[in-house]
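If you want the building blocks of each chain, they are given just below.
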Amino acid sequence: MKTAAFMGLMSGTSMDGIDAALVDLESPQPLLLATHREPYPEPVRAALERTVREGASLREGLGLDVAVGECFGRAARALLEHCPETHQVQAIGHHGQTVLHVPEGDWRSTLQLGDPARVVAATGVPVVADFRRADMAYGGQGAPLASAFHYAVLAPQTAPDSACVVLNLGGIANATVIFPGQPGRTVGFDTGPANTLMDAWIQRCRGLPHDHEGAWARSALADASLLDSLLADPFLDRRPPRSTGREYFNLDWLVRGRESLVESLAPAVVARTLLEFSAVSISNALDETSPQDADVWLCGGGVHNRLLCESLTERLYPRKVRTTDAVGVPAAWMEAMAFAWLARQRMLGLPGNLPSVTGAAVALSLGAVYLPPVG
Ligand SMILES: Nc1ncnc2c1ncn2[C@@H]1O[C@H](COP(=O)(O)OP(=O)(O)O)[C@@H](O)[C@H]1O
Ligand SMILES: [Mg+2]
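Because the structure is predicted, anything quoted here is derived from the model rather than measured.

Check the secondary structure of the chain and you find 14 helices and twelve strands. Expected size for 375 residues packed as a compact globule is a radius of gyration near 21 Å; at 20 Å, the chain falls within 12% of this value. Once the C-alpha set of the chain is aligned to its principal axes, its extents read approximately 65 × 55 × 40 Å. The buried share of the chain, reckoned over its 375 residues, is 57%. Counting contacts in the chain only where the partners sit at least 6 residues apart, residues at least 24 apart contribute 70% of the total. With the model as given, the accessible surface of the chain reaches about 15900 Å², and the carbon-plus-sulfur share is 54%. Averaging the coordinates of the 30 positive side-chain charges in the chain and doing the same for the 40 negative ones gives two points 1 Å apart.

As structure tokens, this is what we get:
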């Protein structure tokens, strides 16, 4: 008999493309079997950017839902071809692409594009999608969802009387603070931006998708008055649970009320200031929520930004900062693996959220199941 495998499909706020991970979750530690990365075709990426920035008509949104669904379907099909003979894929956890996330107010909800039926049609495999809304219906923020997986992976590897932090450096940075044996004490929240402002700034100034290894930021020093002004943002004072996105932290936010200051600085100085803003807002948030001796495990694309990692290592001292590779989860694939895990939880009727993290009233098995044709 073949061993069960689950696939996770994720594209985060950076919109840098779809991460697809095939995972064996049958042993105590998850085993990454195969991976695939599917970039968005440029027109789809540009349409997504525009939709996040300006909204879209219903007809445009529906068209984009199908186009994104087909991209996710292609990613899944490509990865299926790399499934080892020994394994059979039971279900695909399909996050989709968030275009709007409204965690506060009267109409709290969230919208991920990428028609799940298209992913079923492309693969013939059951697809679990729409992971966030049930949590929100029960009073949660619908985010962060990867925290329960972080707990499942790290709690068994952490000494009982200590704590650790998983810090995901995507477009937005989110942290999970783990106390082994006490899932109800787990805290998970967005600290603020990791890469999204840096990406947007280098795109605007130099037409590049990201600051490779942080080299551009390294060429300058941060400006203290801009840094102080950014750090005064009220989101950073909020207690967890809290979540945010690029609909909040974007270039409009950067210049609002400080246009002349931003324009008066050399672009590289702004780049360095944005990097330090990410590092300081993260370290302040961890100072408030985690003990000084907690190990910090980094994951997400930001681990490739060497300067950001150096700044974090310095600011988080005496905490030890390493990537999750050291605990068996390749840093770039953590989030995609989390959605494979969430799909398995759903298929087995097990909880996917941690109420202490999202703020939901109850534990829920998250996601809706889309099945392949009968017979
Ligand atoms: N070599 C690199 N140097 C600097 N930054 C990088 C590098 N590779 C990836 N990144 C950053 O990581 C981001 C993608 O991280 P990812 O975890 O996929 O985020 P998201 O979940 O938001 O998609 C990119 O937008 C970029 O800012
Ligand atoms: Mg990404």
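Moving on, we get to the nonpolar core. Core analysis: the biggest nonpolar cluster contains 90 residues, and Leu169, Trp201, Leu254, Leu298 and Leu312 have the highest contact counts within it. Sort the elements by how many residues they give to this core and helix α11 (residues 267–289) lands first, with eleven residues. The residues contacting leucine 312, other than those within four sequence positions of it, are Leu167, Leu169, Ala279, Ile282, Leu298 and Val321. Among the nonpolar cores identified, the runner-up in size contains 30 residues, and Ile18, Leu64, Cys83 and Val119 belong to it.

As a further point, take the confidence of the model for the chain. Of the residues in the chain, 100% have a pLDDT of 70 or more, and the chain-wide mean is 96. When mean pLDDT is taken per element in the chain, strand β6 (residues 127–129) scores highest with 99 and helix α14 (residues 355–358) scores lowest with 94.

Bringing the environment of threonine 186 into the picture now. Mapped onto the elements, threonine 186 comes out in the loop between β8 (172–178) and β9 (187–193). Along the sequence, threonine 186 and valine 165 sit 21 residues apart, while their C-alpha atoms lie 9.8 Å from each other. Once you skip the residues sitting within four places of it in the chain, threonine 186 turns out to touch Tyr151, Thr176, Val177, Ile178, Leu354, Ser356 and Val357. A polar atom in the side chain of threonine 186 sits 2.7 Å from the backbone oxygen of proline 183.

Now for the site of ligand 1. The environment of ligand 1 is formed by 18 residues, the closest being Ser14, Gly171, Asp199, Glu213 and Gly301. Between glycine 171 and ligand 1, the recorded distance is 2.8 Å, taken from a backbone N or O atom to an oxygen atom. In this structure, a nitrogen atom belonging to ligand 1 sits 3.4 Å away from a side-chain N or O atom of histidine 212. Contact with the protein chains hides 88% of the accessible area of ligand 1, taken as 580 Å² for the molecule alone.

Our focus in this paragraph is the pattern of salt bridges. Taken as a whole and judged by the stated rule, the model has 19 salt bridges. Across the pair arginine 45 and glutamate 49 runs a salt bridge, and its minimum N-O distance is 2.8 Å. Of this pair, arginine 45 and glutamate 49 both sit in helix α1 (residues 42–54), four residues apart, roughly one helical turn. The class of arginine 45 is partly exposed, set by a relative accessible area of 22%. Put simply, Glu42, Arg45, Glu49 and Arg246 are held in one network by salt bridges that share partners.

Together, Met347, Leu348, Leu350, Val369 and Leu371 line one region of the surface with nonpolar side chains, adding up to about 420 Å² of accessible area. Following the sequence through the fold, leucine 350 ends up in the loop between α13 (334–347) and α14. With a relative accessible area of 34%, leucine 350 lands in the partly exposed category.

Under the criterion given, the structure shown has seven aromatic pairs. Note on tyrosine 248 and phenylalanine 249: the rings are 4.8 Å apart at their centroids and 80° apart in plane angle, and the pair reads as edge-to-face. According to the relative accessible area criterion, phenylalanine 249 is buried, its value standing at 0%. Measuring from centroid to centroid gives 4.9 Å for phenylalanine 249 and tryptophan 253, while their planes differ by 75°, and the two rings are edge-to-face.

It is worth spelling out helix α6 (residues 196–206) at this point. Buried within α6 are the following residues: Thr196, Leu197, Met198, Asp199, Ala200, Trp201 and Ile202. Once α6 finishes, glycine 207 follows within two positions and takes phi at roughly 65°, a positive value.

Moving on to the side chain of glutamate 38. Along the chain, glutamate 38 turns up in strand β3 (residues 31–38). Owing to a relative accessible area of 12%, glutamate 38 belongs among the buried residues under this scheme. Among the polar contacts made by the side chain of glutamate 38, one reaches the side chain of histidine 36 at a distance of 2.7 Å. Among the polar contacts made by the side chain of glutamate 38, one reaches the side chain of arginine 74 at a distance of 3.3 Å. Apart from the residues within four sequence positions on either side, glutamate 38 is in contact with Gly17, Ile18, Cys71, Arg74 and Ala75.

This part is about the packing of α11 against helix α12 (residues 306–316). At their nearest, the axes of α11 and α12 sit 9 Å apart, and the two run at 35° to each other. Helix-helix and strand crossings are classified by hand; for α11 and α12 the assignment is right-handed. For the pair α11 and α12, contact is made by Arg272, Leu275, Glu276, Ser278, Ala279, Val280, Ile282, Ser283 and Leu286 and by Leu307, Leu308, Ser311, Leu312, Arg315 and Leu316, respectively. Residue composition of the contact of α11 with α12, by class: nine nonpolar, three polar and three charged.

Parameters and conventions
- All residue numbers refer to positions counted from 1 along the written sequence of the respective chain.
- Whichever chain is written first becomes A and whichever ligand is written first becomes 1, with later ones labelled in order.
- Since the coordinates come from a predicted model, pLDDT governs what is reported: local features require at least 70, and pairs of side-chain atoms require 80 or more to be given and counted, while whole-chain, interface and lining totals use all residues.
- The side-chain values count all of the structure's non-hydrogen atoms but skip hydrogen atoms and water molecules.
- In DSSP terms, a helix is any run of H or I states spanning at least four residues, a strand is any run of E spanning at least two, and both are numbered starting from the N terminus.
- Each radius of gyration is computed over the set of C-alpha atoms, and the globule rule expresses the reference value as 2.2 Å times the number of residues to the power 0.38.
- Each residue's exposure class comes from its accessible area (1.4 Å probe, protein chains only) as a fraction of the maximum for that residue type: buried when under 20%, exposed when over 50%, partly exposed otherwise.
- Contacts between residues were defined by any pair of non-hydrogen atoms, one from each residue, lying within 4.5 Å.
- Only the protein chains shown count as cover for residues, with accessible areas throughout obtained via the Shrake-Rupley method and a probe of 1.4 Å.
- Positive charge is attributed to Lys and Arg, negative charge to Asp and Glu, and no charge count is given to His or to the chain ends.
- Taken as the charge centre is NZ of Lys, CZ of Arg, CG of Asp or CD of Glu, depending on the residue.
- Here, nonpolar core means buried Ala, Val, Leu, Ile, Met, Phe, Trp, Tyr and Cys residues that are tied together by side-chain atoms lying within 4.5 Å of each other.
- On a range of 0 to 100, pLDDT expresses the predictor's confidence in each residue.
- Polar contact is defined as a pair of N or O atoms within 3.5 Å, subject to the rule that within protein one atom must be able to donate a hydrogen and the other to accept it, and that residues adjacent in sequence are counted only when both atoms are side-chain atoms.
- Residues are counted as near a molecule or strand when any one of their heavy atoms sits within 4 Å of it.
- A carboxyl oxygen of Asp or Glu within 4 Å of a side-chain nitrogen of Lys or Arg is what we treat as a salt bridge.
- Two joining distances apply to patches: 9 Å for like charges and 5 Å for nonpolar side chains (Val, Leu, Ile, Met, Phe, Trp, Tyr), and every residue must have over 30% relative accessible area and no salt bridge.
- Any two of the Phe, Tyr and Trp rings considered here, Trp counted by its six-membered ring, make a pair once their centres fall within 6.5 Å; the pair's planes then place it as stacked at under 30 degrees, edge-to-face at over 60, or tilted in between.
- Working convention: axes come from line fits to C-alpha atoms, limited for helices to the stretch in contact. Angles between N-to-C directions cover 0 to 180 degrees.
- For any pair of crossing helices, the crossing counts as left-handed if the nearer helix is rotated counterclockwise from the farther one by less than a right angle, and right-handed if it is rotated clockwise.
- Gly falls in the polar group here, along with every residue not listed as nonpolar (Ala, Val, Leu, Ile, Met, Phe, Trp, Tyr, Cys, Pro) or charged (Asp, Glu, Lys, Arg).

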